[in-house]
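One-letter residues, chain by chain:
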Amino acid sequence: MAGETVGQNDERSVDYDVVVIGAGMGGIYAMHRYREQGLAVLGIESAADVGGVWYHNRYPGARVDIESYYYCFFFDQDLYEEWEWTERYPAQPEILAYLDHVATTYDIKRHFQFDTWMTGAQWEPASNRYTVTTDRGESYTCRFLVMASGQLSKPRKPEFEGLDVFQGEWVQTSEWPHHHVETEGKRIAIIGTGSSGVQAIPVLAETADQLFVFHRTANYSIPANNAPLDRSKYADIASRIDAVWADLQQHPAAAPVPLGVKTAAEYTPEEQQTLLEERWAYGGHTMNGVFTDQGTTKEANDIVSEFVRDKIRSIVKDPTKAEILVPTEYPIGSRRLCVDTGYYDTFNRDNVTLVDVQADPIVRITPTGIQTENHHYEVDLIVFAIGFNAFTGALEQANIRNEKGEQPSDGWSRGPKAYLGLMAHGFPNLFLVTGPGSPSVLANMIVSNVQHIDLIGSIVDYMKENGYERIEATEKAQESWVEEVATAASRLLRLNVENYMVHVNKDDGSRVFIPYAGGYQNYAARCNEIMTNGFDGFEFA
Ligand code: NAP
């Protein structure tokens, strides 16, 4: 039955209580949590070590854009106290070192099988187990399958004609190679100006001989205003981590940045500008919540959007370049805000060329560079910062099958469906960590991961106590949750903007907002309520 220690993976047995896919922040915590719970757990990870996105996204300039005080684990006071972040927004090597430190401290690496791809998982109703297969030819069974494989982890492949004949080097931010990529004195092209691109561009510009930025849609990017860690603030949080953790549970994004308290119309124009300047100085995602109605009301949003546009115009000296960089295609906050260090100022450098691919589209890659309709750019290195197959990419790749041979995403042609973003009806004992329909990428991911993993741990305990072997989300609960997710997003301006968080139905153009936009705090409270009400919406057997 669930919870029995049916295998000891130190000795690599074949049957486990839980198989965890992924050794990122979610998988690391899941392994620790479930082993503490007395479960036999096996982890499978395609990379050579822990870290997840922070293992792969090692591009120059990569850094977190949630403040480090809150981008860490809170489950152990000693862990919080002993770790020394150096910056408000640490860079990728430091975050990877932190995750490695956590994995080492709790001795969980030996329970992971690294360099291993899961090739499939088949639900076996007779035994209430999944059989998980890997590319090493092994096969394991488990009572519970926990997909901690990330929502932004399957890179979008560059599909540019001619890439195969390019004689220079090409790399992706999302899969930055482990070997040294020489950028010093090189002619570099970068394609993509989302969160990854805006971080990489200023750093690449410093060493490149020439940097060509191939720019399609202008995004709003807010300065991070990074700074050394405030040691006294960190020590203060360390002295009361339980209270701070409880506070994070009350926040819409699970990170206590300043929020809007009034609608735009409740301020005078002068007050609005003062507040906007304060938020610009604070930096980062705080620009998303200046006014309470900026996400839903065009007039309120325009005030914030126009403020940021003016900031861009004031930083970028060449007005022609500035107008390309000024975002006009969507209201601020309707795509994830980018957070940068010196992004706009980079376009004032002599060695940086802005290529507007809306005006001059890329035609193909050539052996020596990039051909647009009007120009050929000779380059040595191409960097693709073109994003991910978000939400469904990693899950589809996992090839999980129920007894009818279906995959979870088979029923998702009109948008993802999962109860609480955690379980898909028809897939017993399968948990999607931070899956579609949960706050997921809208919240501090480390908090979202911990919340889901704790929830799964409580479910497993409950099943153990009650002698259950099988859990499934009911179709009714799933449908009503999908409705709730739709309602939470229905008034948002961002529902009408093309981006990876919106699923557009091709036949009628209807839109499904993928994550739960009703606020992390409301979601977490709802999950707690469900847990205390006998796990409403789940069926046990
Ligand atoms: P992204 O936001 O999806 O941006 C992809 C970029 O590539 C866009 O500028 C897109 O242009 C461009 N692009 C794609 N295909 C193209 C083509 N064929 N030609 C020209 N341009 C093309 O991807 P991302 O920057 O990797 O960020 C994804 C998410 O990862 C973020 O939203 C965030 O959640 C996370 N992330 C977080 C951090 C952080 O915490 N600091 C850092 C990096 C990433 P269009 O807009 O025109 O499509």
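Residues numbered from 1 in each chain as written. Predicted model: local features only at pLDDT ≥ 70, side-chain atom pairs only at ≥ 80, totals over all residues. Heavy atoms only, no water.

Notes on the packing of aromatic side chains
Each aromatic ring pair is described using two quantities: the centre-to-centre distance and the angle formed by the ring planes.
Piece 1. Enumeration over the complete set of coordinates arrives at 36 aromatic pairs.
Piece 2. Here the aromatic rings of Y462 and F535 are separated by 4.4 Å at their centres, their planes lie at 45°, and the arrangement is tilted. Note that Y462 is positioned in helix α13 (residues 445–466) and F535 in the loop between α15 (520–532) and β22 (538–540), a separation of 73 residues in sequence.
Piece 3. Judged by its relative accessible area of 5%, F535 is buried.
Piece 4. Their ring planes at 80° and their centres at 5.9 Å tell us that F535 and F540 sit as a pair that is edge-to-face.
Piece 5. Owing to a relative accessible area of 18%, F540 belongs among the buried residues under this scheme.
Piece 6. The structure contains a cluster of three or more aromatic residues connected by ring pairs, namely Y29, F73, F75, W83, W85, Y98 and Y106. (Phe/Tyr/Trp six-rings, centres within 6.5 Å; stacked < 30°, edge-to-face > 60°. Helix = DSSP H or I, 4+ residues; strand = E, 2+ residues; numbered from the N terminus. Buried < 20%, exposed > 50% of the residue type's maximum accessible area, 1.4 Å probe, protein only.)

What about helix α1 (residues 25–36)?
Piece 1. For α1, spanning 12 residues, the distance from its first C-alpha to its last is 17 Å, which sits close to the expected 16 Å at 1.5 Å a residue.
Piece 2. With 10 of 12 residues buried, α1 lies mostly within the body of the structure.
Piece 3. Regarding α1, the residues found buried are M25, G26, G27, I28, Y29, A30, M31, H32, R33 and Y34. (Expected span 1.5 Å × (residues − 1).)

Brief notes about the sheet that holds strand β13 (residues 362–366)
Piece 1. The three strands lie next to each other as β13-β14-β15, forming an open sheet whose pairing is antiparallel. Of all the strands in the sheet, just β13 and β15 (376–378) have a single pairing partner and so form its edges. Sheet twist, expressed as the mean angle between neighbouring strand axes with direction ignored, is 20°.
Piece 2. Here three bridges tie strand β14 (residues 369–372) to β15, and the two strands are oriented antiparallel to one another. Bridging from a neighbouring strand, Q371 pairs with H376 of β15. (Pairing = 2+ DSSP bridges. Axes fitted to C-alpha atoms, helices over the stretch in contact; angles between N-to-C directions.)

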